[in-house]
Amino acid sequence: MHITDDIFNVGVNDHDVDLFEGQYIVPNGMAYHSYVIMDEKIAVLDTVDAKFSGEWLTNIKQVLDGRKPDYLIVQHMECDHSANIMDFMKEFPETTIVGNAKTFTMLANFFEDTENLKKLVVKENDTLSLGKHVLNFVFAPMVHWPEVMLTYESTEKILFSADAFGKFGASDVEEDWACKARRYYFGIVGKYGVQVQTVLKKASGLDIQIICPLHGVVLKENLAYYLGLYNTWSSYGVESDGVMIAYTSVYGNTKKACEILAEKLTEKGCPKVVLCDLAREDLAEAVEDAFRYGKIVLASPTYNADVFPFMKHFILALTERNFQNRTIGIIENGSWAVTAGKVMREMFAKSKNITWLENSVTIKSAVKSENLLQIENMASELSE
(Lines give C-alpha, C1' and ligand atoms only; values in the text may rest on other atoms or scores of the structure.)
Protein backbone atom coordinates (compact mmCIF):
# COMPACT_ATOMS: atom_id res chain seq x y z
CA MET A 1 0.00 0.00 0.00
CA HIS A 2 1.33 3.43 -0.96
CA ILE A 3 1.75 5.83 1.96
CA THR A 4 3.42 8.36 -0.35
CA ASP A 5 5.15 7.97 -3.72
CA ASP A 6 8.28 6.59 -2.05
CA ILE A 7 6.95 4.98 1.12
CA PHE A 8 5.02 1.72 1.25
CA ASN A 9 3.20 -0.35 3.86
CA VAL A 10 4.24 -3.99 3.32
CA GLY A 11 2.53 -5.32 6.44
CA VAL A 12 -0.04 -8.08 6.82
CA ASN A 13 -3.48 -8.66 8.31
CA ASP A 14 -4.06 -11.55 10.69
CA HIS A 15 -7.65 -12.81 10.71
CA ASP A 16 -6.80 -16.10 12.43
CA VAL A 17 -5.67 -14.74 15.81
CA ASP A 18 -8.31 -15.00 18.54
CA LEU A 19 -6.32 -13.68 21.53
CA PHE A 20 -3.72 -10.99 20.97
CA GLU A 21 -0.82 -11.36 23.41
CA GLY A 22 -2.65 -14.41 24.73
CA GLN A 23 -5.35 -12.37 26.50
CA TYR A 24 -7.05 -9.66 24.41
CA ILE A 25 -10.08 -10.78 22.40
CA VAL A 26 -9.75 -9.52 18.81
CA PRO A 27 -12.80 -10.57 16.77
CA ASN A 28 -11.60 -8.41 13.86
CA GLY A 29 -8.05 -9.71 13.92
CA MET A 30 -4.84 -7.68 14.02
CA ALA A 31 -2.65 -5.76 11.62
CA TYR A 32 1.14 -6.04 11.76
CA HIS A 33 2.65 -3.18 9.80
CA SER A 34 6.06 -2.87 8.22
CA TYR A 35 7.21 -0.04 5.99
CA VAL A 36 9.65 0.42 3.10
CA ILE A 37 11.22 3.77 2.18
CA MET A 38 12.56 3.78 -1.39
CA ASP A 39 15.40 6.25 -2.02
CA GLU A 40 19.08 6.23 -3.03
CA LYS A 41 19.32 3.89 -0.07
CA ILE A 42 16.39 1.74 1.01
CA ALA A 43 15.15 1.27 4.56
CA VAL A 44 12.69 -1.33 5.84
CA LEU A 45 11.07 -0.50 9.17
CA ASP A 46 10.27 -3.51 11.39
CA THR A 47 9.16 -7.02 10.52
CA VAL A 48 5.88 -8.83 11.26
CA ASP A 49 4.52 -11.76 13.25
CA ALA A 50 6.28 -15.09 12.70
CA LYS A 51 3.26 -16.68 11.00
CA PHE A 52 3.51 -14.27 8.07
CA SER A 53 7.16 -14.50 7.06
CA GLY A 54 6.44 -15.66 3.50
CA GLU A 55 3.69 -13.13 2.78
CA TRP A 56 5.72 -10.28 4.24
CA LEU A 57 8.90 -11.09 2.29
CA THR A 58 6.84 -11.37 -0.88
CA ASN A 59 5.37 -7.91 -0.23
CA ILE A 60 8.86 -6.46 0.28
CA LYS A 61 10.27 -8.00 -2.90
CA GLN A 62 7.35 -6.66 -4.89
CA VAL A 63 8.12 -3.13 -3.72
CA LEU A 64 11.89 -3.52 -4.12
CA ASP A 65 11.49 -4.69 -7.73
CA GLY A 66 14.93 -6.27 -7.83
CA ARG A 67 16.76 -3.79 -5.60
CA LYS A 68 18.30 -4.70 -2.24
CA PRO A 69 17.54 -2.99 1.09
CA ASP A 70 20.33 -1.11 2.83
CA TYR A 71 18.83 -0.87 6.31
CA LEU A 72 16.42 -2.71 8.57
CA ILE A 73 15.22 -0.28 11.25
CA VAL A 74 14.15 -2.12 14.41
CA GLN A 75 11.90 0.14 16.47
CA HIS A 76 10.49 -2.51 18.79
CA MET A 77 11.70 -6.00 19.71
CA GLU A 78 8.35 -7.48 20.77
CA CYS A 79 7.79 -10.71 18.86
CA ASP A 80 4.90 -9.53 16.69
CA HIS A 81 7.33 -7.01 15.15
CA SER A 82 10.75 -8.66 15.41
CA ALA A 83 10.08 -12.35 14.74
CA ASN A 84 11.31 -12.27 11.15
CA ILE A 85 14.56 -10.37 11.60
CA MET A 86 16.73 -13.41 10.98
CA ASP A 87 14.60 -14.62 8.06
CA PHE A 88 15.01 -11.15 6.55
CA MET A 89 18.78 -11.27 7.06
CA LYS A 90 19.01 -14.67 5.38
CA GLU A 91 17.22 -13.18 2.38
CA PHE A 92 19.19 -9.89 2.42
CA PRO A 93 22.46 -10.63 4.27
CA GLU A 94 24.16 -7.35 3.33
CA THR A 95 21.53 -5.27 5.11
CA THR A 96 22.60 -3.20 8.13
CA ILE A 97 20.35 -3.55 11.17
CA VAL A 98 19.67 -0.19 12.83
CA GLY A 99 18.73 -0.05 16.50
CA ASN A 100 19.81 1.31 19.86
CA ALA A 101 22.00 -0.39 22.43
CA LYS A 102 19.04 -2.01 24.16
CA THR A 103 17.72 -3.26 20.82
CA PHE A 104 20.84 -5.30 20.23
CA THR A 105 20.89 -6.69 23.75
CA MET A 106 17.37 -8.00 23.14
CA LEU A 107 18.28 -9.23 19.66
CA ALA A 108 20.87 -11.55 21.21
CA ASN A 109 18.29 -12.73 23.74
CA PHE A 110 15.82 -13.71 21.03
CA PHE A 111 18.13 -15.13 18.35
CA GLU A 112 21.27 -17.24 17.99
CA ASP A 113 24.32 -16.20 15.95
CA THR A 114 23.80 -12.43 15.92
CA GLU A 115 27.45 -11.51 16.42
CA ASN A 116 28.36 -11.22 12.75
CA LEU A 117 25.35 -9.19 11.61
CA LYS A 118 26.01 -5.72 10.25
CA LYS A 119 24.78 -3.29 12.91
CA LEU A 120 24.39 0.43 13.32
CA VAL A 121 23.83 1.57 16.91
CA VAL A 122 21.98 4.89 17.08
CA LYS A 123 21.44 7.31 19.94
CA GLU A 124 18.62 9.74 20.73
CA ASN A 125 18.29 12.41 18.00
CA ASP A 126 20.73 10.70 15.64
CA THR A 127 19.86 11.00 11.95
CA LEU A 128 20.25 8.66 8.99
CA SER A 129 20.11 9.98 5.43
CA LEU A 130 18.69 7.76 2.70
CA GLY A 131 19.03 10.45 0.02
CA LYS A 132 16.18 12.91 0.00
CA HIS A 133 14.61 11.17 3.00
CA VAL A 134 16.19 11.74 6.41
CA LEU A 135 15.35 9.58 9.43
CA ASN A 136 15.45 11.08 12.93
CA PHE A 137 15.39 8.70 15.88
CA VAL A 138 13.21 9.57 18.86
CA PHE A 139 13.63 7.29 21.85
CA ALA A 140 10.49 6.15 23.67
CA PRO A 141 11.65 3.92 26.54
CA MET A 142 8.84 2.01 28.27
CA VAL A 143 6.27 2.87 25.63
CA HIS A 144 5.92 0.08 26.33
CA TRP A 145 9.27 -1.78 26.26
CA PRO A 146 12.65 -0.28 27.25
CA GLU A 147 14.21 -0.39 23.76
CA VAL A 148 11.37 1.30 21.87
CA MET A 149 12.21 4.14 19.52
CA LEU A 150 10.16 6.10 17.02
CA THR A 151 11.41 7.26 13.63
CA TYR A 152 10.55 10.68 12.19
CA GLU A 153 11.06 11.14 8.45
CA SER A 154 11.61 14.88 8.16
CA THR A 155 11.21 15.33 4.39
CA GLU A 156 7.66 14.01 4.12
CA LYS A 157 6.97 14.69 7.82
CA ILE A 158 5.97 11.15 8.76
CA LEU A 159 6.16 9.72 12.27
CA PHE A 160 6.71 5.97 12.37
CA SER A 161 5.30 5.52 15.85
CA ALA A 162 6.01 1.88 16.80
CA ASP A 163 3.13 0.64 19.04
CA ALA A 164 1.94 4.18 19.82
CA PHE A 165 -1.33 5.10 18.09
CA GLY A 166 -1.98 1.43 17.43
CA LYS A 167 -5.31 -0.33 17.79
CA PHE A 168 -6.88 -3.75 17.80
CA GLY A 169 -8.34 -4.97 14.52
CA ALA A 170 -7.01 -5.71 11.04
CA SER A 171 -6.53 -2.72 8.74
CA ASP A 172 -9.02 -4.04 6.17
CA VAL A 173 -11.92 -3.84 8.67
CA GLU A 174 -14.00 -0.69 9.10
CA GLU A 175 -14.54 0.08 12.79
CA ASP A 176 -14.46 2.97 15.24
CA TRP A 177 -10.83 3.92 15.82
CA ALA A 178 -11.23 5.42 19.29
CA CYS A 179 -13.00 2.37 20.75
CA LYS A 180 -10.37 -0.13 19.59
CA ALA A 181 -7.42 2.19 20.20
CA ARG A 182 -8.59 3.06 23.72
CA ARG A 183 -8.95 -0.61 24.60
CA TYR A 184 -5.51 -1.29 23.11
CA TYR A 185 -3.91 1.68 24.88
CA PHE A 186 -5.18 1.00 28.39
CA GLY A 187 -4.69 -2.74 28.09
CA ILE A 188 -1.11 -2.60 26.87
CA VAL A 189 0.36 0.86 27.43
CA GLY A 190 -1.86 2.25 30.22
CA LYS A 191 0.66 1.75 33.02
CA TYR A 192 3.17 4.00 31.28
CA GLY A 193 1.34 7.32 31.12
CA VAL A 194 4.33 9.32 32.37
CA GLN A 195 6.53 7.87 29.64
CA VAL A 196 3.89 8.53 26.97
CA GLN A 197 3.64 12.13 28.13
CA THR A 198 7.41 12.46 27.70
CA VAL A 199 7.20 11.20 24.12
CA LEU A 200 4.24 13.47 23.33
CA LYS A 201 6.33 16.44 24.46
CA LYS A 202 9.07 15.34 22.06
CA ALA A 203 6.52 14.89 19.26
CA SER A 204 5.08 18.37 19.87
CA GLY A 205 8.26 19.80 18.39
CA LEU A 206 7.85 17.88 15.14
CA ASP A 207 5.77 18.84 12.11
CA ILE A 208 3.81 15.59 11.74
CA GLN A 209 1.58 15.12 8.70
CA ILE A 210 1.19 11.31 8.78
CA ILE A 211 1.41 8.77 11.62
CA CYS A 212 2.39 5.21 10.69
CA PRO A 213 1.88 2.84 13.66
CA LEU A 214 2.76 -0.84 13.80
CA HIS A 215 -0.89 -1.82 14.41
CA GLY A 216 -4.19 -0.45 13.19
CA VAL A 217 -4.44 2.12 10.41
CA VAL A 218 -2.20 4.81 8.97
CA LEU A 219 -3.43 8.21 10.20
CA LYS A 220 -3.40 11.01 7.63
CA GLU A 221 -6.18 13.40 8.64
CA ASN A 222 -7.31 15.23 11.77
CA LEU A 223 -4.13 14.29 13.64
CA ALA A 224 -4.96 16.76 16.43
CA TYR A 225 -7.85 14.47 17.38
CA TYR A 226 -5.61 11.42 17.82
CA LEU A 227 -2.87 13.37 19.58
CA GLY A 228 -5.49 14.91 21.86
CA LEU A 229 -6.87 11.52 22.86
CA TYR A 230 -3.38 10.23 23.59
CA ASN A 231 -2.72 13.26 25.77
CA THR A 232 -5.96 12.65 27.72
CA TRP A 233 -5.31 8.94 28.10
CA SER A 234 -1.68 9.26 29.14
CA SER A 235 -2.42 12.03 31.66
CA TYR A 236 -5.26 9.89 33.11
CA GLY A 237 -7.75 12.61 32.29
CA VAL A 238 -11.50 12.19 31.89
CA GLU A 239 -12.46 11.63 28.27
CA SER A 240 -16.26 11.42 28.53
CA ASP A 241 -18.86 12.67 31.01
CA GLY A 242 -20.70 9.75 32.57
CA VAL A 243 -20.80 7.06 35.25
CA MET A 244 -19.62 3.47 35.01
CA ILE A 245 -21.26 0.97 37.37
CA ALA A 246 -19.18 -2.20 37.60
CA TYR A 247 -20.67 -5.05 39.58
CA THR A 248 -20.45 -8.70 40.54
CA SER A 249 -23.48 -10.50 41.89
CA VAL A 250 -24.09 -14.04 43.14
CA TYR A 251 -27.90 -14.26 43.43
CA GLY A 252 -28.91 -11.02 41.75
CA ASN A 253 -29.34 -8.77 44.79
CA THR A 254 -26.25 -6.65 44.16
CA LYS A 255 -27.16 -6.50 40.49
CA LYS A 256 -30.62 -5.22 41.41
CA ALA A 257 -29.14 -2.36 43.42
CA CYS A 258 -26.96 -1.40 40.45
CA GLU A 259 -29.89 -1.44 38.06
CA ILE A 260 -31.86 0.83 40.39
CA LEU A 261 -28.89 3.21 40.60
CA ALA A 262 -28.61 3.26 36.80
CA GLU A 263 -32.30 4.14 36.49
CA LYS A 264 -31.95 6.93 39.07
CA LEU A 265 -28.94 8.39 37.27
CA THR A 266 -30.75 8.36 33.95
CA GLU A 267 -33.75 10.09 35.53
CA LYS A 268 -31.43 12.78 36.90
CA GLY A 269 -30.03 13.48 33.43
CA CYS A 270 -26.68 11.70 33.61
CA PRO A 271 -25.34 11.89 30.03
CA LYS A 272 -24.06 8.30 29.99
CA VAL A 273 -24.50 5.34 32.32
CA VAL A 274 -22.48 2.18 31.63
CA LEU A 275 -23.68 -0.90 33.52
CA CYS A 276 -21.02 -3.63 33.50
CA ASP A 277 -21.40 -7.23 34.73
CA LEU A 278 -17.77 -8.13 35.43
CA ALA A 279 -18.49 -11.85 35.29
CA ARG A 280 -19.62 -11.57 31.67
CA GLU A 281 -17.93 -8.47 30.24
CA ASP A 282 -14.59 -8.73 28.47
CA LEU A 283 -12.12 -7.46 31.07
CA ALA A 284 -10.32 -5.24 28.56
CA GLU A 285 -13.63 -3.57 27.65
CA ALA A 286 -14.38 -2.99 31.33
CA VAL A 287 -10.94 -1.47 31.93
CA GLU A 288 -11.42 0.78 28.90
CA ASP A 289 -14.67 2.18 30.29
CA ALA A 290 -13.22 2.69 33.76
CA PHE A 291 -10.53 4.94 32.32
CA ARG A 292 -12.92 6.69 29.92
CA TYR A 293 -15.36 8.09 32.49
CA GLY A 294 -14.68 10.27 35.50
CA LYS A 295 -16.96 8.50 37.96
CA ILE A 296 -17.19 4.80 38.75
CA VAL A 297 -19.30 2.76 41.17
CA LEU A 298 -17.95 -0.59 42.35
CA ALA A 299 -20.49 -3.09 43.63
CA SER A 300 -19.61 -6.47 45.11
CA PRO A 301 -20.90 -9.02 47.60
CA THR A 302 -18.62 -10.06 50.41
CA TYR A 303 -16.98 -13.36 49.47
CA ASN A 304 -14.73 -15.29 51.84
CA ALA A 305 -14.37 -12.09 53.91
CA ASP A 306 -13.07 -10.46 50.74
CA VAL A 307 -14.61 -9.29 47.45
CA PHE A 308 -15.96 -11.45 44.67
CA PRO A 309 -13.11 -12.77 42.45
CA PHE A 310 -14.19 -10.92 39.28
CA MET A 311 -14.18 -7.64 41.19
CA LYS A 312 -10.76 -8.33 42.65
CA HIS A 313 -9.38 -9.09 39.18
CA PHE A 314 -10.93 -5.90 37.81
CA ILE A 315 -9.56 -3.63 40.55
CA LEU A 316 -6.10 -5.15 40.17
CA ALA A 317 -6.30 -4.50 36.42
CA LEU A 318 -7.03 -0.85 37.20
CA THR A 319 -4.46 -0.24 39.90
CA GLU A 320 -1.61 -1.92 38.01
CA ARG A 321 -2.35 0.58 35.20
CA ASN A 322 -2.05 3.54 37.59
CA PHE A 323 -5.78 4.25 37.86
CA GLN A 324 -6.13 7.79 39.24
CA ASN A 325 -8.00 11.12 39.11
CA ARG A 326 -11.41 9.49 39.54
CA THR A 327 -14.43 9.58 41.84
CA ILE A 328 -15.44 6.17 43.21
CA GLY A 329 -18.59 5.02 44.93
CA ILE A 330 -19.08 1.74 46.81
CA ILE A 331 -22.01 -0.69 46.96
CA GLU A 332 -21.33 -3.66 49.23
CA ASN A 333 -23.39 -6.69 50.17
CA GLY A 334 -23.14 -9.44 52.77
CA SER A 335 -25.33 -11.73 54.83
CA TRP A 336 -23.44 -11.62 58.12
CA ALA A 337 -20.08 -9.74 58.04
CA VAL A 338 -20.12 -7.08 55.31
CA THR A 339 -16.47 -6.33 54.46
CA ALA A 340 -16.44 -5.90 50.68
CA GLY A 341 -16.44 -2.09 50.81
CA LYS A 342 -13.48 -1.94 53.19
CA VAL A 343 -11.50 -4.35 51.02
CA MET A 344 -12.23 -2.42 47.83
CA ARG A 345 -11.16 0.87 49.37
CA GLU A 346 -7.93 -0.66 50.64
CA MET A 347 -7.10 -1.93 47.15
CA PHE A 348 -6.87 1.70 45.96
CA ALA A 349 -4.61 2.77 48.84
CA LYS A 350 -1.71 3.60 46.49
CA SER A 351 -3.82 5.20 43.77
CA LYS A 352 -3.46 8.95 43.29
CA ASN A 353 -6.22 11.54 43.45
CA ILE A 354 -9.12 9.21 44.28
CA THR A 355 -12.22 10.94 45.62
CA TRP A 356 -14.61 8.69 47.52
CA LEU A 357 -18.33 9.43 47.45
CA GLU A 358 -19.72 10.39 50.84
CA ASN A 359 -22.77 8.23 50.16
CA SER A 360 -22.27 4.48 50.00
CA VAL A 361 -24.71 1.57 49.95
CA THR A 362 -24.55 -1.37 52.36
CA ILE A 363 -26.92 -4.24 51.60
CA LYS A 364 -27.51 -7.06 54.05
CA SER A 365 -28.55 -9.88 51.73
CA ALA A 366 -31.43 -8.22 49.83
CA VAL A 367 -32.28 -4.67 48.74
CA LYS A 368 -34.70 -3.11 51.24
CA SER A 369 -36.26 0.31 51.83
CA GLU A 370 -33.23 1.76 53.63
CA ASN A 371 -31.09 0.76 50.64
CA LEU A 372 -33.37 2.59 48.24
CA LEU A 373 -32.72 5.77 50.21
CA GLN A 374 -28.95 5.12 50.13
CA ILE A 375 -29.11 4.58 46.35
CA GLU A 376 -31.11 7.78 45.90
CA ASN A 377 -28.53 9.74 47.87
CA MET A 378 -25.66 8.17 45.87
CA ALA A 379 -27.39 9.04 42.58
CA SER A 380 -27.85 12.63 43.74
CA GLU A 381 -24.20 12.97 44.71
CA LEU A 382 -23.03 11.45 41.40
CA SER A 383 -25.28 13.86 39.50
CA GLU A 384 -23.93 16.99 41.17
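Being a predicted model, the structure only gives us computed values, none of them experimental.

1. Quick word on the packing of helix 8 (residues 253–267) against helix 12 (residues 369–383)
The interhelical angle for the contact between helix 8 and helix 12, taken along N-to-C directions, is 45 degrees, at an axis separation of 9 Å. As judged from the angle between their axes, helix 8 and helix 12 are oblique. Where helix 8 crosses over helix 12, the handedness of that crossing is right-handed. Of the residues in helix 12, those touching helix 8 at A257, I260, L261, K264 and L265 are L372, I375, E376, M378, A379, L382 and S383. For the contact of helix 8 with helix 12, the residue count by class is nine nonpolar, one polar and two charged.

2. Focus on empty space enclosed by the protein
Using the criterion set out here, one finds two cavities of 30 Å³ or more in the structure. If you add up the space inside the largest cavity, you get close to 80 Å³. Taken together, V143, L150, L159, A164, F165, V196, V199, L200, A203, I208, L227 and Y230 make up the full set of residues lining the largest cavity. Of all the secondary-structure elements, those providing two or more residues to the lining of the largest cavity are helix 6 (193–203) and helix 7 (223–234). Ranked by residue count, the leading element in the lining of the largest cavity is helix 6, at four residues.

3. Here's the deal with the packing of aromatic side chains
According to the stated counting rule, one finds 24 aromatic pairs in the structure shown. Between F110 and F111, the ring centres sit 6.4 Å apart and the planes meet at 45 degrees, which makes this aromatic pair tilted. Between Y303 and F308, the ring centres sit 4.9 Å apart and the planes meet at 80 degrees, which makes this aromatic pair edge-to-face. Of the residues examined, F308 reaches a relative accessible area of 14% and is grouped as buried. One cation-aromatic arrangement involves R345 over W356; the distance from NZ or CZ to the ring centre is 5.7 Å.

4. What about the sheet that holds strand 15 (residues 210–212)?
Taken in spatial order, the five strands of this open sheet run 11-12-13-14-15, and their pairing is mixed. What marks the edges here is a single partner per strand, and that holds for strand 11 (127–129) and strand 15. Within this sheet the neighbouring strands show an average axis-to-axis angle of 20 degrees, counted without direction. Direction of pairing for strand 14 (residues 158–160) relative to strand 15: parallel, over a ladder of three bridges. By the bridge assignment for strand 15, F160 is matched with C212.

5. Regarding the sheet that holds strand 6 (residues 35–37)
Within a sheet, neighbouring strands are paired by backbone hydrogen bonds and run either parallel or antiparallel to one another. Here we have six strands laid out as an open sheet, ordered 1-6-7-8-9-10, and mixed in their pairing. The sheet terminates laterally at strand 1 (7–9) and strand 10 (119–121), the two strands that pair on one side only. Between one strand axis and the next, the sheet turns by 20 degrees as a mean value, whatever way the strands run. Sitting on the sheet, helix 4 (residues 101–110) is in contact with strand 9 (96–99) and strand 10, with an inclination near 120 degrees to strand 9.

6. Focus on the nonpolar core
One broad trend across soluble globular proteins is that nonpolar side chains are buried collectively. The biggest cluster of nonpolar side chains holds 94 residues, and the ones touching the most others in it are I85, L298 and F314. Among the elements that take part in this core, helix 5 (residues 177–189) stands out by supplying eight residues, more than any other. With sequence-adjacent residues up to four places away left out, I85 is seen in contact with T47, L72, V74, M77, I97, L107 and F111.

7. A few points about the pattern of salt bridges
Summed over all chains, the structure comprises 16 salt bridges. The shortest N-O distance in the salt bridge between R183 and E285 comes to 3.7 Å. Here R183 is found in helix 5, whereas its partner E285 is found in helix 9 (residues 283–292), with 102 residues between them in sequence. A single network of salt bridges, built from pairs that share partners, joins R182, E239 and E288.

8. Concerning helix 4
All of the buried residues along helix 4 are T103, F104, M106 and L107. Axial view of helix 4: buried residues confined to an arc of 160 degrees, hence all on one face. More than 90 degrees from the buried face of helix 4, the exposed residues found are A101 and N109. For helix 4, the secondary structure elements touched by its buried residues are helix 3 (85–91), strand 9 and strand 10. Two or three places before K102, at the opening of helix 4, N100 has a side-chain oxygen 3.0 Å from that residue's backbone nitrogen.

9. Quick look at the environment of A50
Mapped onto the secondary structure, A50 falls in the loop between strand 7 (43–45) and helix 1 (53–64). With 179 residues separating them in the primary sequence, A50 and L229 have C-alpha atoms 31 Å apart. Setting aside residues up to four positions removed in sequence, A50 forms contacts with A83 and N84.

10. Notes on the environment of T248
For T248, the position within the fold is in the loop between strand 16 (240–247) and helix 8. Overall, T248 belongs to the buried group, its relative accessible area being 1%. Counting along the chain gives 64 residues from T248 to K312, while the straight-line C-alpha distance between them is 9.9 Å. Contact partners of T248, with chain neighbours within four places excluded, come to T254, L278, A299, S300, P301, F308, F310 and M311.

11. Focus on the pairing of strand 20 (residues 326–333)
The buried fraction of strand 20 is high, at eight of eight residues. Two strands pair when backbone bridges link them, and strand 18 (residues 293–303) and strand 20 are joined in this way by seven bridges, in the parallel orientation. If you follow I296 over to strand 20, its bridge partner there is I328. Two strands pair when backbone bridges link them, and strand 20 and strand 21 (residues 354–356) are joined in this way by three bridges, in the parallel orientation. Counterpart to R326 in the pairing with strand 21 is I354. Running through helix 11 (residues 340–347), the crossover from strand 20 to the neighbouring parallel element strand 21 is right-handed. One ladder, built from three bridges, connects strand 20 with strand 22 (residues 361–363); its direction is parallel.

Reading the values: the criteria
Residues numbered from 1 in each chain as written. Predicted model: local features only at pLDDT ≥ 70, side-chain atom pairs only at ≥ 80, totals over all residues. Heavy atoms only, no water. Axes fitted to C-alpha atoms, helices over the stretch in contact; angles between N-to-C directions. Helix = DSSP H or I, 4+ residues; strand = E, 2+ residues; numbered from the N terminus. Parallel < 35°, antiparallel > 145°, perpendicular 65-115°, else oblique. Left-handed = near helix turned anticlockwise from the far one by under 90°. Contact = heavy atoms within 4.5 Å. Nonpolar A, V, L, I, M, F, W, Y, C, P; charged D, E, K, R; others polar. 1 Å grid on protein atoms, 1.4 Å probe; cavity = no way out; pocket = protein on both sides within 12 Å on 5 of 7 lines; lining within 4 Å. Points joined across faces, edges and corners; volume = space filled by probe spheres on them. Phe/Tyr/Trp six-rings, centres within 6.5 Å; stacked < 30°, edge-to-face > 60°. Buried < 20%, exposed > 50% of the residue type's maximum accessible area, 1.4 Å probe, protein only. Lys NZ or Arg CZ within 6 Å of the ring centre and 35° of its normal. Pairing = 2+ DSSP bridges. Core = buried A, V, L, I, M, F, W, Y, C linked by side-chain atoms within 4.5 Å. Salt bridge = Lys/Arg side-chain N within 4 Å of Asp/Glu carboxyl O. Arc of directions from axis to C-beta. Polar contact = N/O pair within 3.5 Å; in protein donor to acceptor, adjacent residues only side chain to side chain. Right-handed = clockwise from strand over helix to strand, strands pointing away.

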